[in-house]
Amino acid sequence: MTDPATQESYPVPDPTIVDPCPATVRNGQCAPDGFTNNHHQPAKAPGQPETFTTGQEMKITDSVEGEGLLESSMRLKPHEAQSYRKKALWVSWVSIVVTLILAVAAFTVSFMRHSASAFGFAFDATLDVLSSVIVLWRYSNAAAVHCAHREYIACVVLGIVFILSSLCILGKAIHDLATRVPPEVDDFLYSVSVVSGLTCALLAVAKFMLGRVLTSRALITDGFNSMVGAIMGFSILISAEVFKHHPDVWFLDGTMGVLIGLIILAYGVKLLRDMVPRVRQTRNYERFE
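Keep in mind it's a predicted model, so treat the numbers as computed, not measured.

Rules and cut-offs
Residues numbered from 1 in each chain as written. Predicted model: local features only at pLDDT ≥ 70, side-chain atom pairs only at ≥ 80, totals over all residues. Heavy atoms only, no water. Patch = residues over 30% accessible without salt bridge, like charges linked within 9 Å, V, L, I, M, F, W, Y side chains within 5 Å. Areas by Shrake-Rupley, 256 points an atom, 1.4 Å probe, with all protein chains shown as cover. Salt bridge = Lys/Arg side-chain N within 4 Å of Asp/Glu carboxyl O. Helix = DSSP H or I, 4+ residues; strand = E, 2+ residues; numbered from the N terminus. Buried < 20%, exposed > 50% of the residue type's maximum accessible area, 1.4 Å probe, protein only. Axes fitted to C-alpha atoms, helices over the stretch in contact; angles between N-to-C directions. Parallel < 35°, antiparallel > 145°, perpendicular 65-115°, else oblique. Left-handed = near helix turned anticlockwise from the far one by under 90°. Nonpolar A, V, L, I, M, F, W, Y, C, P; charged D, E, K, R; others polar.

*Asks:* Could you give an account of a nonpolar patch on the surface, naming the residues involved and the relevant values?
*Replies:* Together, Val194, Leu198, Phe234 and Ile238 make up a nonpolar patch on the protein surface, roughly 330 Å² of accessible area in all. Those elements that provide at least two residues to the nonpolar patch are α6 (187-213) and α7 (217-245). Tracing the backbone shows Phe234 in helix α7.

So this is what it looks like as structure tokens:
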């Protein structure tokens, strides 16, 4: 028998399972040292989505952008992302067809009725067609739905197109103000302005909603352009009605054209300032997930 006095006594460990990754695990990675959460968290139901604090969302966003992906890659499941991508393509095709028809009608009105606002809307509708084509290119590749580099390239092209279009709108509006050309009012002008305003407003809402879900600056920019088109469509109606009752306010139409041109110019410049550095940062990432 073994002498009990020679046996060493060891403390009995508490039979508790130690979690090697005590912090919240995301994407199969443990939290880095110094960020361990030692507080007890209640168990969540299997189907309950995980909630993040503002600080955690910022860390996730920075990490995702550093890998060349958009934030939507963390929010959407693969089948959800593809579903929204197809919706974005459908909205873009509808926008191209509708705004192309509106552009032709608005150009006709602008030359027949000497309306600077109608010319500005016609150019904005043409810009809407080009921006929708860029969005089609952006989402033409199913594997690149979350690709940040492709997104930023689309935004840079949109910024350049915005600036060029704004210069044409400003040139036409300033010319009409300098030559004191008053707009001519008739039923055709009213019809084009109402249809243009309502149609562009609906397209803008759809693009904003999809852009928010897909975290796409290109889609949001396309929606902004449609919103400007809606404002310009209604501005044609307002300036024509004012001129009809107050002919001395002939300059309102040209002034609205100048204002819209400046707004598009400012947005285009801001888009280039924001996106050009990001294109350079993500040019080494060619991985599409």
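So much for the structure itself; the text now carries on.
*Asks:* Describe in detail the environment of Val97, supporting the description with residues and values.
*Replies:* Mapped onto the elements, Val97 comes out in helix α3 (residues 78-113). Residues Val97 and Val129, spaced 32 residues apart in sequence, show a C-alpha to C-alpha distance of 8.0 Å.

*Asks:* Tell me about the side chain of Asn225, and name the residues and values.
*Replies:* Along the chain, Asn225 turns up in helix α7. The class of Asn225 is buried, set by a relative accessible area of 0%.

*Asks:* I'd like to hear about unusual backbone geometry, residue by residue, with values.
*Replies:* If you check the backbone angles, Thr215 has positive phi at about 50 degrees while not being a glycine. Here Thr215 shows up in the loop between α6 and α7.

*Asks:* Before we move on, could you go through the packing of helix α5 (residues 148-178) against helix α8 (residues 252-281) and cite the residues and values that matter?
*Replies:* Running from N to C, α5 and α8 point in directions that differ by 155 degrees, and their axes come no closer than 7 Å. Compared by their axis directions, α5 and α8 come out roughly antiparallel. Read as a crossing pair, α5 and α8 show a hand that is left-handed. The class makeup of the residues in the contact of α5 with α8 is 24 nonpolar, 8 polar and 1 charged.

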